[in-house]
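For reference, the chains in residue letters:
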Amino acid sequence: MRDYNSELSIKAGMGPGTLVHVGDKKVKEPILTLIEYNEEYLEVHVNQDIDIIKNLEFAEDRKIWINVDGLHQTELIESLGEVFGVHPLVLEDILNTTQRPKTESYEDYIYVTIRTLFYERLENAVDSDQISIILGNNFILSFQEMRTDLFKKISQRMERPAGNIRKKGVDYLTYSLIDSIVDNYYLLLEDIGEEIERLEDELIKEPDPATLQSIHELKREMIILRRSLWPLRETIASLQRDESGLIKESTGIYLRDLYDHSIQVIEAVETYREMLSGMLDLYISTVSNRMNEVMKLLTIIATIFIPLTFIAGIYGMNFDYMPELKWEWGYPAVMIFMTTISVIMLYYFKKKTWL
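Residues numbered from 1 in each chain as written. Predicted model: local features only at pLDDT ≥ 70, side-chain atom pairs only at ≥ 80, totals over all residues. Heavy atoms only, no water.

Chemist: In this structure, what is going on with the layout of surface pockets? I would like to understand it.
Modeler: Unfilled space is identified by rolling a water-sized probe across the atoms. Within this model, the largest pocket holds a volume of roughly 370 Å³. Along its surface, the largest pocket is lined by 17 residues, and Thr33, Arg147, Phe151, Lys152 and Ser155 are the ones closest to its centre. Of all the secondary-structure elements, those providing two or more residues to the lining of the largest pocket are strand E1 (31-37), strand E2 (42-45), strand E3 (63-69) and helix H5 (152-158). Residue composition of the lining of the largest pocket, grouped by class: 7 nonpolar, 5 polar and 5 charged. (1 Å grid on protein atoms, 1.4 Å probe; cavity = no way out; pocket = protein on both sides within 12 Å on 5 of 7 lines; lining within 4 Å. Points joined across faces, edges and corners; volume = space filled by probe spheres on them. Helix = DSSP H or I, 4+ residues; strand = E, 2+ residues; numbered from the N terminus. Nonpolar A, V, L, I, M, F, W, Y, C, P; charged D, E, K, R; others polar.)

Chemist: What am I meant to see in the environment of Ile196 here?
Modeler: You can see Ile196 is positioned in helix H7 (residues 170-205). In this structure Ile196 touches Leu218, Tyr272, Met275, Leu276 and Met279, once residues within four positions along its chain are discounted. (Contact = heavy atoms within 4.5 Å.)

Chemist: What am I meant to see in the pattern of salt bridges here?
Modeler: If the charged atoms of two oppositely charged side chains come close together, the side chains can form a pair. Using the criterion set out here, one finds 13 salt bridges in the structure. With a closest N to O distance of 2.1 Å, Lys26 and Asp129 form a salt bridge. Of this pair, Lys26 sits in the loop between helix H1 (5-11) and E1 while Asp129 sits in strand E6 (residues 125-135), and the two are 103 residues apart along the sequence. Given the relative accessible area of 25%, Lys26 is considered partly exposed. One salt bridge connects Glu270 with Arg226, and the closest N-O pair in it is separated by 2.6 Å. On the criterion of sequence distance, the pair formed by Glu270 in helix H9 (residues 249-315) and Arg226 in helix H8 (residues 209-241) is long-range, its members being 44 residues apart. Since its relative accessible area comes to 21%, Glu270 is described here as partly exposed. Judged by its relative accessible area of 31%, Arg226 falls in the partly exposed class. In this structure, a network of salt bridges that share partners links the residues Lys26, Asp129 and Glu145. (Salt bridge = Lys/Arg side-chain N within 4 Å of Asp/Glu carboxyl O. Buried < 20%, exposed > 50% of the residue type's maximum accessible area, 1.4 Å probe, protein only.)

Chemist: I would appreciate a short explanation of the packing of H9 against helix H10 (residues 330-351) in the present structure.
Modeler: In helix packing, the relevant descriptors are the interaxial angle and the interaxial distance, both defined with respect to the helix axes. As a packed pair, H9 and H10 sit with axes 10 Å apart at the nearest point and diverge in direction by 160°. In this view, H9 runs roughly antiparallel relative to H10, as classed from their interaxial angle. Relative to H10, the crossing made by H9 is right-handed. Between H9 and H10, the residues in contact are Ile300, Thr303, Ile304, Pro307, Leu308, Ile311 and Tyr315 and Val334, Phe337, Met338, Ile341, Ser342, Met345, Leu346 and Phe349, respectively. (Axes fitted to C-alpha atoms, helices over the stretch in contact; angles between N-to-C directions. Parallel < 35°, antiparallel > 145°, perpendicular 65-115°, else oblique. Left-handed = near helix turned anticlockwise from the far one by under 90°.)

Okay, structure coming up:
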């Protein structure tokens, strides 16, 4: 995850509503997409110039969706805020990409910020981007840190005149945008689940310090994931409770379903966290059991060699008058005796299931 401390220090001491971009520059140039639509009409303008939008007269019977990919040009965000009457504090939150998911109601619009998450399998890390949505009376503004395919299916659905997005209001489009983000969480959790299964296999077969390191890294990422997802439930609940009239009752049904999905995602995160904690215990137990097996084997070997060492020590003493020293068969007799003792002890250990 990114470290924003140096960027946040730039804002220290500035007045409320001061527009400063906090985050990475993820696109070379921001891309502004304007979509005008109703049930019979659809027109898409990609990379639209902000000056054209300022002077554009929107028809009352048409709904507007403006999507911005890239937030580093504060002038663009400020201009959009002026056109649609967005409060500077909201624009400040849009540019500050460290926001936690939340819903804020204003007199003429609703501001929603939510995080989209991606799992980087090679780095074993979870990365996130902030998405901000402003729902107005007949318009939607959405802001993304970079251009993704997250809303691609929604754009494809808008091409069908008979679809709900074209028929229903902009509140349904807002629901659809948030729903696509939540659906992406399931893909993220599926990737994390596969990684957890791989680590479990390693734990059972041949755990090593690299396995422990991977578990610790994934456990740390789950903490970040939990911090990003826990506020999601309250964010959607706030939309359900909204009394501004911008959310129609017909859309509330879909929001309730979305609320259930958010709970499922949060429960899955908690389950994975518990699994990772259990895997740490399993790793310690597995390593301890392996050590016990090694110690048991070494103990058995040492135990077998105790009487053998005793016998060898006796016949290694330098006395002239010792029994069997001059006996022709003394050496093979001692070797046979020592071998017999070893075999008897091994048989005893096997019978006791110590081997």
